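Secondary and tertiary structure notes
Read off the chains here:
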Amino acid sequence: MVFAESWADIAIAVGALGTAYAAIRGVKTWKKSLEDVRMHDAARELLIATYKMRDAIEIYRDPFIPVYEQNPDDIRNGVTTADRSDDGASAMAYVYNNRNKLLREVYVQFSEAELVAEVLWSDDIKNRTQRFLSAINEVRRATNELIMRLPQAPQTQQQRQEERDLRSKISGRLADPNDQISLEILRAIEEIEKPMRRVL
């Protein structure tokens, strides 16, 4: 009888060990599954924010300025760039300030997604997103500089060339293979996409 009881105790102990092993393995699998879901969600959110930012900069850089983007007071009063003493700087500032609002809204979403991704992927993703933001900030700096320069007509050949260079940074299409800023933006987007696509 003692022999039968010891076998029963051994069977119970083996069963308990098996149950404990299954529980530990289940918790590890569950934890990995949660981590995978978190990484998937973060990658998806960063890509969505990146594409929204891409679309916002495309709108920002659109060389065509439709009537609805122009200052309604100017339209009502029939004011044209030629009528302005500032050579259109205030009209341009009005358009780009409004375009910049959309860019700022998307920038906030992008920054939030970037922070979450940075927690999961560390500095690698930070370096990739900084390249993207650097190209976008170059466009914004060029816009501000051109608006400040417009009231002063370019005097020298060098000043006229600098103004053309600023305008080329501001206006452009992402599909243009000759536009350096667009190429930089597209390359930066590809760099962000690479590690995120592996997770999705």
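The shown structure was predicted, so the numbers you read here are calculated from the model rather than taken from an experiment.

A few points about the pattern of salt bridges
Applying the stated criterion across every chain yields a total of 16 salt bridges. Linking E191 and R128 is a salt bridge whose minimum nitrogen-to-oxygen distance equals 3.1 Å. Here the residue E191 occupies a position in helix α6 (residues 180–199), and R128 occupies one in helix α4 (residues 123–149), the gap between them amounting to 63 residues. Residue E191 is classed as partly exposed on the basis of its relative accessible area, which comes to 23%. Among the residues examined, R128 registers a relative accessible area of 16% and is labelled buried. Here the salt bridges do not stand alone but share partners, grouping D124, R128, E191 and K194 into one network.

Remarks on the nonpolar core
Ranked by internal contacts, the top residues of the largest apolar core, which has 41 residues, are L46, M53, F110, W121, F132, I185 and M196. When residues of this core are traced back to their parent elements, those giving at least two are α1 (2–61), α3 (89–121), α4, α5 (157–170) and α6.

Description of α4
The end-to-end C-alpha separation of α4 is 38 Å, in line with the 39 Å expected for 27 residues at 1.5 Å each. Listed in full, the buried residues belonging to α4 are I125, R128, T129, F132, L133, A135, I136, V139, A142, T143, L146 and I147.

Reading the values: the criteria
Residues numbered from 1 in each chain as written. Predicted model: local features only at pLDDT ≥ 70, side-chain atom pairs only at ≥ 80, totals over all residues. Heavy atoms only, no water. Salt bridge = Lys/Arg side-chain N within 4 Å of Asp/Glu carboxyl O. Helix = DSSP H or I, 4+ residues; strand = E, 2+ residues; numbered from the N terminus. Buried < 20%, exposed > 50% of the residue type's maximum accessible area, 1.4 Å probe, protein only. Core = buried A, V, L, I, M, F, W, Y, C linked by side-chain atoms within 4.5 Å. Expected span 1.5 Å × (residues − 1).

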